[in-house]
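So the chains spell out like this:
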Amino acid sequence: MGARANRRRGEIEAFLDGERRVLCLTLGALAELETAFAVDSLTGLAERFSSGRLKADDLIRIIGAGLRGGGNLFSDEDVAGMAVADALEGFARITAELLRATFEAEGQTQNPPVPHSV
């Protein structure tokens, strides 16, 4: 894969199944997550994520939406079967980094809407 992530656009890079992938929560990906999590706004989505109480299925949905937003053609079922270094901790780290890249203003370090634990 030749493309590199552009953090200013909210993109991150992650190794999934041994391949470097670009993930991005585009507007379409965020709309997908609003529907999946049954929230009515981006604020509701950020509040849900900042609760720190995410299930494994939540990580799959967020990473799946990020992969699709980054131009990768993977279903959530594909993501569920992927391997990541450090297993659950690795998936949580990717999710947290993706949420930070999406919701955290450049240079901001206080109260980012990211999961505290899985």
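Residues numbered from 1 in each chain as written. Predicted model: local features only at pLDDT ≥ 70, side-chain atom pairs only at ≥ 80, totals over all residues. Heavy atoms only, no water.

A. A look at the overall build of the protein. Per the secondary structure count, the protein includes five helices and two strands. Starting at the N terminus and walking to the C terminus, you meet the elements of the protein as β-β-α-α-α-α-α. Across the 118 residues in the protein, those meeting the buried criterion constitute 39%. Taking the intrachain contacts of the protein between residues at least 6 apart in sequence as the baseline, contacts between residues at least 24 apart amount to 54%. Carbon and sulfur atoms form 49% of the exposed surface of the protein, whose accessible area is close to 6,500 Å². (Helix = DSSP H or I, 4+ residues; strand = E, 2+ residues; numbered from the N terminus. Buried < 20%, exposed > 50% of the residue type's maximum accessible area, 1.4 Å probe, protein only. Contact = heavy atoms within 4.5 Å. Areas by Shrake-Rupley, 256 points an atom, 1.4 Å probe, with all protein chains shown as cover.)

B. Examining the packing of helix α3 (residues 56–69) against helix α5 (residues 87–103) more closely. Two elements in contact, α3 and α5, have axes separated by 10 Å at closest approach and are oriented at 55 degrees. Our classification of the angle between α3 and α5 gives oblique. In the packing of α3 onto α5, the handedness of the crossing is left-handed. Note on element contacts: α5 touches α3 through Leu88, Phe91, Ala92, Ile94, Thr95, Leu98 and Leu99, opposite Leu59, Ile62, Ile63 and Gly66. Of the residues assigned to the contact of α3 with α5, the class counts are nine nonpolar, two polar and no charged. (Axes fitted to C-alpha atoms, helices over the stretch in contact; angles between N-to-C directions. Parallel < 35°, antiparallel > 145°, perpendicular 65-115°, else oblique. Left-handed = near helix turned anticlockwise from the far one by under 90°. Nonpolar A, V, L, I, M, F, W, Y, C, P; charged D, E, K, R; others polar.)

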